[in-house]
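# Topology and contacts: notes
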Amino acid sequence: MVWVTGAKGILGTEICKTLNREDIDYVATGSEVDITDIDEVNLFAHNRGRRISWIVNCAAYTAVDKAENEAALCEKINFKGAENVAKIAKGLGCPLIHFSTDYVFDGTGSVTYREDDPAQPVSVYGKTKLQGERAVAAFNERFYIVRTSWLYGRGGKNFVNTMLCFMNELDSFTVVNDQIGSPTNAADLSFAALQFIKKADHCEAGIYNYSNEGVCTWFEFANEIYRLGRLNGLIKKECFICPCTTVECPTKAPRPAFSVLDKTKIKKTLQIDIPDWKTSLRKYLEND
Ligand SMILES: NC(=O)c1ccc[n+]([C@@H]2O[C@H](COP(=O)([O-])OP(=O)(O)OC[C@H]3O[C@@H](n4cnc5c(N)ncnc54)[C@H](OP(=O)(O)O)[C@@H]3O)[C@@H](O)[C@H]2O)c1
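Below, the structure is looked at part by part. (Residues numbered from 1 in each chain as written. Predicted model: local features only at pLDDT ≥ 70, side-chain atom pairs only at ≥ 80, totals over all residues. Heavy atoms only, no water.)

Turning our eyes to something else, we now look at the overall build of the chain. When its secondary structure is counted, the chain shows nine helices and twelve strands. Here the C-alpha atoms of the chain give a radius of gyration of 19 Å, agreeing with the 19 Å that 2.2 N^0.38 yields for 288 residues. With the C-alpha coordinates of the chain rotated into their principal frame, the extents come out at 55 × 35 × 35 Å. Going through the 288 residues of the chain one by one, you find that 51% of them count as buried. (Helix = DSSP H or I, 4+ residues; strand = E, 2+ residues; numbered from the N terminus. Rg over C-alpha atoms; globule rule 2.2 N^0.38 Å. Buried < 20%, exposed > 50% of the residue type's maximum accessible area, 1.4 Å probe, protein only.)

Shown next as structure tokens:
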């Protein structure tokens, strides 16, 4: 049985849907099983009659800006929580799929980031996610850490849904046009994560990058949401999206200016093709 933590979030929701579709037995928990409480996690994991063979940890603190003022809580969930889950997985003798972020990089580069490039996070969120990665790798040798970026899906608050609301409510707004990355449809990421379970015998433990193919700025991402949203009738009126620079539109937490991930390793290991971000966005907006 697969145990999915953080199952009510963007990714957790899609992971559960994917497991359901594939008829794989799973158990899903939200924040009622608090990953920062090792006793709670232990109790759940060792509940008699439940034979957990994989853990997929989607639980995380993901409010990037809020984290700057809530560093202790963010660290507790992303570092200590991840460590707890890794320890429990080790105790159960099962592999762990854990997720991390492009925000472990400072984004000063201009070449796609490989898994072994030096991480240098610039935000509290990024730092705690890196701490979490290290704890996972230290406490369970059967680990698959998947770093992803610009995630959206049906399970929670995310850029695509926020843009759709803004575009329906406002006449105009600004979006940064000097941060470059790759959007990721949570359904595509869930499909990739499932391949680790299916093909575990051929997959070395380690860090893997995953996002959709192609790159864009947040402004370009927003424009494509607008174009497709208008085509599909999801946006009912005209809205003007203005480009701005990071300096013009500062956020509490600094973001990497360039955080495109190199996906060669995951594509080779799992033998998968990764859809282009525009294709996946279209599918998402068409509810496909
Ligand atoms: N969203 C992105 O753009 C993005 C980008 C790169 C990487 N990632 C990574 O991808 C993974 C999934 O992110 P996501 O976007 O799906 O996150 P999300 O939507 O914020 O979901 C995270 C889930 O974790 C739960 N959670 C929080 N604290 C918990 C705790 N102490 N114990 C148990 N559950 C807890 C939350 O429950 P409550 O809501 O009830 O608190 C929430 O349902 C994370 O590792 C994240 O760092 C996300």
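In the vicinity of the ligand lie 24 residues, with L11, D34, T62, Y125 and K129 positioned nearest. Between the ligand and S31 there is a distance of 2.8 Å, counted from an oxygen atom to a side-chain nitrogen or oxygen. Interatomic distance of 2.8 Å between a side-chain N/O atom of D34 and a nitrogen atom of the ligand. With the chains in place, 79% of the 900 Å² that the ligand exposes on its own is no longer accessible. Sorting the residues of the shell around the ligand by element identifies α1 (10–21), β4 (96–101) and α4 (124–139) as the ones contributing at least two each. Here the shell around the ligand is composed, by residue class, of twelve nonpolar, nine polar and three charged. (Near = heavy atom within 4 Å. Polar contact = N/O pair within 3.5 Å; in protein donor to acceptor, adjacent residues only side chain to side chain. Areas by Shrake-Rupley, 256 points an atom, 1.4 Å probe, with all protein chains shown as cover. Nonpolar A, V, L, I, M, F, W, Y, C, P; charged D, E, K, R; others polar.)

Time to look at the pairing of strand β1 (residues 2–5). Side chains V2 and V4 project from β1 onto one buried face, and the interleaved W3 and T5 project onto a second face that is buried too. When β1 meets strand β2 (residues 26–29), the two strands line up parallel, connected through four bridges. Of the residues in β2, the one forming a bridge with W3 is V27. This β-α-β element, β1 to α1 to β2, shows right-handed connectivity. (Pairing = 2+ DSSP bridges. Right-handed = clockwise from strand over helix to strand, strands pointing away.)

A separate point is the nonpolar core. Residues V160, M167, V175, F221, I225 and L281 are the most contacted members of the largest nonpolar core, which totals 34 residues. Looking at this core, the elements that each hand over two or more residues are α4, α5 (159–169), β7 (172–176), α7 (218–231), β12 (240–244) and α9 (277–285). Not counting residues within four places of it along the chain, the set of residues in contact with I225 comprises F159, V160, M163, L164, M167, I235, L281 and L285. Grouped together as the second largest cluster of nonpolar side chains are 29 residues, L19, L194, Y208 and Y210 included. (Core = buried A, V, L, I, M, F, W, Y, C linked by side-chain atoms within 4.5 Å. Contact = heavy atoms within 4.5 Å.)

Once that is clear, we can look at unusual backbone geometry. Residues apart from glycine generally show negative phi values, whereas peptide bonds are mostly found in trans. Unusually for a residue other than glycine, W150 sits at a positive phi of about 45°. Position of W150 among the secondary structure elements: in the loop between β5 (143–148) and β6 (151–152). Of note, Q271 is a non-glycine position whose phi angle comes to about 55°, a positive value. Structurally, the position occupied by Q271 is in the loop between α8 (264–270) and α9. Taking the relative accessible area as the measure of exposure, Q271 reaches 64% and is therefore exposed.

Taken in spatial order, the six strands line up as β2-β1-β3-β4-β5-β10 in an open sheet, and their pairing is parallel. The open sheet terminates on both sides in strands that have one partner only, identified here as β2 and β10 (206–209). For this sheet the average axis-to-axis angle between neighbouring strands, irrespective of direction, equals 20°. Here four bridges tie β1 to strand β3 (residues 54–57), and the two strands are oriented parallel to one another. (Axes fitted to C-alpha atoms, helices over the stretch in contact; angles between N-to-C directions.)

This paragraph deals with the pattern of salt bridges. Applying the stated criterion across every chain yields a total of 13 salt bridges. Note that K8 is salt-bridged to E32, the shortest N-O span being 3.5 Å. Here K8 is found in the loop between β1 and α1, whereas its partner E32 is found in the loop between β2 and α2 (38–45), with 24 residues between them in sequence. Classification of K8 by relative accessible area gives exposed; the value is 61%. Residue classification places E32 among the partly exposed residues on the basis of a relative accessible area of 48%. Salt-bridge contacts for K263 lead to E213; the nearest nitrogen and oxygen are separated by 3.6 Å. A residue pair is termed long-range when its members are at least 10 positions apart, and K263 in the loop between β12 and α8 and E213 in the loop between β10 and β11 (216–217) qualify at 50 residues. Here the residues in one salt-bridge network are K80, E83 and K87, joined through shared partners. (Salt bridge = Lys/Arg side-chain N within 4 Å of Asp/Glu carboxyl O.)

With that settled, consider the side chain of S211. With respect to the helices and strands, S211 occurs in the loop between β10 and β11. Here the side chain of S211 touches K263 through a polar contact of 3.3 Å, side chain to side chain. Sequence-distant contacts of S211, that is, excluding residues within four places in its chain, are made with T148, S149, S182, P183, T184, K263 and I274.

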